[in-house]
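Inside the fold
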Amino acid sequence: MLMMKNSRGFTLIELVVAMAIMVVAIIIAADAFDKIMYKSSQTQKSSESDIAGIFGLEVLRTDLNNAGFGLPWSFEGTVNYAEAASNSSALPGIDPATFNDAPSNPPRAILSGDNGFNKDSTGVGSKYIVIKSVLAPTSALSNTWQTIYYSFTGDKTARPWGDTTRDIAQTTNVIVLRNVMTGTSQTRSLVTNSAFSPSFSTPFSNISSFISPNHSNGDVFTVYGVSASTTSAPTLIMPFNRTDYYIRRPANNNIPDYCAPNTGILYKSVLTHSAAGGTLTPEIPLLNCVADMQIVYGMDSSGNGLNSTNPNLYQTDINNTVGYPADVIRNQLKEVRVYILAQDGKRDPHYTYPSQTIEVGEKFGGTLMGRDFDLKAMIGDDYVHYRWKVYTITARPTNLLQN
């Protein structure tokens with residue numbers, strides 16, 4: 001049998017070299033694919049963070065803009081009302097009752113204080129924000145209101161919207177504010193009637209007998225539905241609604257596993273009207289993986305308008321220790337800015353965050369309002385593998401006087 005010349009196969013060395021080249025190519029391709037998939041996952045998680053941030057921040061922005069809506073400026077009689085029960089929250093750093101105006105003070109539209117979450121070496125932690133208005137729960141009952149006029153003959157005339165979703169139902173508990181203009185001054189006093197319990201509210205079906213002892217010909221009243229419930233009309237414990245915003249890490253550590261250490265969840269809680277006392281429930285999670293929240297108030301004490309170059313016009317808290325009563329807040333507060341530091345996406349071992357600190361706030365006239373957040377001290381050494389983002393909300397409470 002004849003053999004063809006040079007009809008030999010590959011040598012062992014050639015096979016080994018070929019296999020080595022193939023393995024290297026597979027490793028390079030697998031690494032590239034892994035990076036592509038990880039980048040895709042990171043981009044998706046970042047997009048989810050942005051969407052959640054937009055939703056959560058718009059809920060907070062809406063409540064900030066509505067701060068003060070439907071609040072009485074004064075009381076026509078002696079009023080005793082309840083508010084947050086002491087220690088009614090699972091927060092370890094603050095008691096929600098410290099923001100009460102109960103039992104007899106006119107309610108302040110917005111308050112804040114130190115929550116204690118991620119407290120730094122100077123004693124500053126994230127902020128706890130309290131907003132008071134009729135609209136705070138954003139429920140169907142709390143969004144209903146009507147105007148009632150008294151003619152010179154003493155007849156009551158209601159001005160309904162003619163829309164069942166906006167008109168007050170007969171069973172809804174309401175408060176009544178008398179609106180009086182004296183020259184250029186306006187007052188909004190809470191109508192009370194000792195024949196009712198509590199004296200500051202009544203089911204809408206009894207509105208005529210509730211107002212009758214207190215009216216004068218030509219009076220104009222605004223009637224607000226007040227309730228944190230969407231299915232019933234419980235007895236009111238206060239002549240307004242209240243919602244609290246704060247960051248905390250759940251006691252059972254029930255937080256997404258992609259969140260960085262020592263981050264928490266931004267919650268909104270509504271203070272319920274209940275015979276058992278005002279408790280913050282339900283807790284509504286708005287944004288995951290949050291490290292800090294700071295707040296700045298623009299206070300126009302001179303009536304000359306705000307000027308961002310003057311740090312004296314801005315402050316970081318309004319609470320019992322500062323001494324701002326309801327009328328001062330109503331007349332001077334022009335702007336509220338909230339800054340929320342949150343994780344953007346998930347941990348990325350291929351990424352290094354460029355700075356150990358980040359400003360949660362902004363500078364007015366060269367003075368930082370908020371705080372310089374030390375990521376390494378608060379989050380830990382692994383902070384460098386997370387992207388961090390500060391969301392900024394700017395709101396003008398349009399329901400306050402002269403805003």
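This text follows the structure it describes.
Here is a short report on the structure shown in this document. (Residues numbered from 1 in each chain as written. Predicted model: local features only at pLDDT ≥ 70, side-chain atom pairs only at ≥ 80, totals over all residues. Heavy atoms only, no water.)

For the rest of this paragraph, the subject is the overall build of the protein. Helix and strand counts for the protein stand at four helices and 17 strands. Pairs at least 24 residues apart make up 69% of the contacts formed inside the protein by residues separated by at least 6 positions. Counting every atom, the protein has about 19,100 Å² of accessible surface; 55% of that belongs to carbon and sulfur. (Helix = DSSP H or I, 4+ residues; strand = E, 2+ residues; numbered from the N terminus. Contact = heavy atoms within 4.5 Å. Areas by Shrake-Rupley, 256 points an atom, 1.4 Å probe, with all protein chains shown as cover.)

Here the structure, examined in full by the defined rule, presents 10 aromatic pairs. The interplanar angle of 85° and the centroid separation of 5.6 Å between the aromatic rings of Tyr81 and Phe240 together place this pair among those described as edge-to-face. Residue Tyr81 is located in the loop between strand S1 (74-75) and strand S2 (110-114), and its partner Phe240 is located in the loop between strand S9 (220-225) and strand S10 (241-248); the two are separated by 159 residues in the primary sequence. For the pair Tyr81 and Phe240, a shared accessibility class is recorded, and that class is buried. On the basis of an interplanar angle of 50° and a centroid distance of 6.0 Å, the ring pair of Tyr386 and Trp388 is categorised as tilted. Classification of Tyr386 as buried rests on a relative accessible area of 5%. Residue class for Trp388 comes out buried when judged on its relative accessible area of 8%. Pairwise contacts between aromatic rings join Phe99, Tyr128, Tyr246 and Tyr267 into one cluster. Over the aromatic face of Tyr351 sits the side chain of Arg387, whose NZ or CZ is 4.1 Å from the ring centroid. (Phe/Tyr/Trp six-rings, centres within 6.5 Å; stacked < 30°, edge-to-face > 60°. Buried < 20%, exposed > 50% of the residue type's maximum accessible area, 1.4 Å probe, protein only. Lys NZ or Arg CZ within 6 Å of the ring centre and 35° of its normal.)

Per the counting criterion, the structure on display carries one disulfide. Across a sulfur-sulfur distance of 2.0 Å, Cys259 and Cys289 are joined as a disulfide pair. On the sign convention where negative means left-handed, the S-S torsion of about -70° between Cys259 and Cys289 marks this disulfide as left-handed. Placement of the pair is Cys259 in the loop between S10 and strand S11 (264-271) and Cys289 in strand S12 (residues 280-299), with a sequence separation of 30 residues. One exposure class covers both Cys259 and Cys289, and it is buried. (Disulfide = S-S within 2.5 Å.)

Formed by 64 residues in total, the largest nonpolar core has its most connected members in Leu64, Ile110, Val338 and Ile340. Broken down by element, this core gets its largest block of residues, nine residues, from S12. Discounting residues that sit within four places of it in the chain, Ile110 has contacts with Leu64, Ile129, Val130, Ile131, Ile295, Tyr297, Ile318, Ile329, Leu333 and Val336. Within the second largest apolar cluster, 20 residues are counted, among which are Ala260, Tyr339, Leu341 and Trp388. (Core = buried A, V, L, I, M, F, W, Y, C linked by side-chain atoms within 4.5 Å.)

Inspection of the entire model under this criterion finds 18 salt bridges. With its nearest N and O atoms 2.9 Å apart, the salt bridge here joins Asp244 to Arg242. One exposure class covers both Asp244 and Arg242, and it is buried. Note that Asp292 is salt-bridged to Arg371, the shortest N-O span being 2.9 Å. Residue Asp292 is located in strand S12, and its partner Arg371 is located in strand S16 (residues 367-374); the two are separated by 79 residues in the primary sequence. Overlapping salt bridges bring together Glu83, Asp101, Arg108, Lys132, Arg242 and Asp244 as one network. (Salt bridge = Lys/Arg side-chain N within 4 Å of Asp/Glu carboxyl O.)

Tracing the backbone shows Tyr324 in the loop between strand S13 (314-315) and helix H3 (326-332). The class of Tyr324 is buried, set by a relative accessible area of 18%. Separated by 213 residues in sequence, Tyr324 and Leu111 have C-alpha atoms that sit 9.4 Å apart. Those residues in contact with Tyr324, other than ones at most four positions away along the chain, are Arg108, Met299, Gln315, Ile318, Asn319, Ile329 and Gln332. A distance of 2.9 Å separates polar atoms of two side chains, one belonging to Tyr324 and the other to Gln315. (Polar contact = N/O pair within 3.5 Å; in protein donor to acceptor, adjacent residues only side chain to side chain.)

Strand direction decides the pairing type here: strand S15 (residues 357-364) and S16, joined by eight bridges, are antiparallel. Along S16, the bridge assignment pairs Glu362 with Met369. Following S15, the chain reverses through two residues before pairing antiparallel with S16; Gly365 in that reversal takes a positive phi of roughly 60°. (Pairing = 2+ DSSP bridges.)

Right, let's talk about a nonpolar patch on the surface for a bit. Taken together, the side chains of Ile13, Val17 and Ile21 present a nonpolar region at the surface, about 320 Å² in accessible area. By the secondary structure assignment, Ile21 is in helix H1 (residues 12-65). Taking the relative accessible area as the measure of exposure, Ile21 reaches 57% and is therefore exposed. (Patch = residues over 30% accessible without salt bridge, like charges linked within 9 Å, V, L, I, M, F, W, Y side chains within 5 Å.)

Of all eight residues making up S11, eight are buried, and the element is well covered by its neighbours. One ladder, built from six bridges, connects S10 with S11; its direction is antiparallel. By the bridge assignment for S11, Asp244 is matched with Ser269.

Cis geometry marks the peptide bond from Ala102 to Pro103, where omega comes out at 10°. Between Ser197 and Pro198 the backbone carries a cis peptide bond, its omega angle lying at 0°. By secondary structure assignment, the location of Pro198 is in the loop between strand S7 (185-190) and strand S8 (202-203). One non-glycine residue, Asn118, adopts positive backbone phi at about 55°. Residue position: Asn118 is located in the loop between S2 and strand S3 (127-133). Here the phi dihedral of Asn262 falls at roughly 65°; this positive angle occurs in a residue that is not glycine. Structurally, the position occupied by Asn262 is in the loop between S10 and S11.

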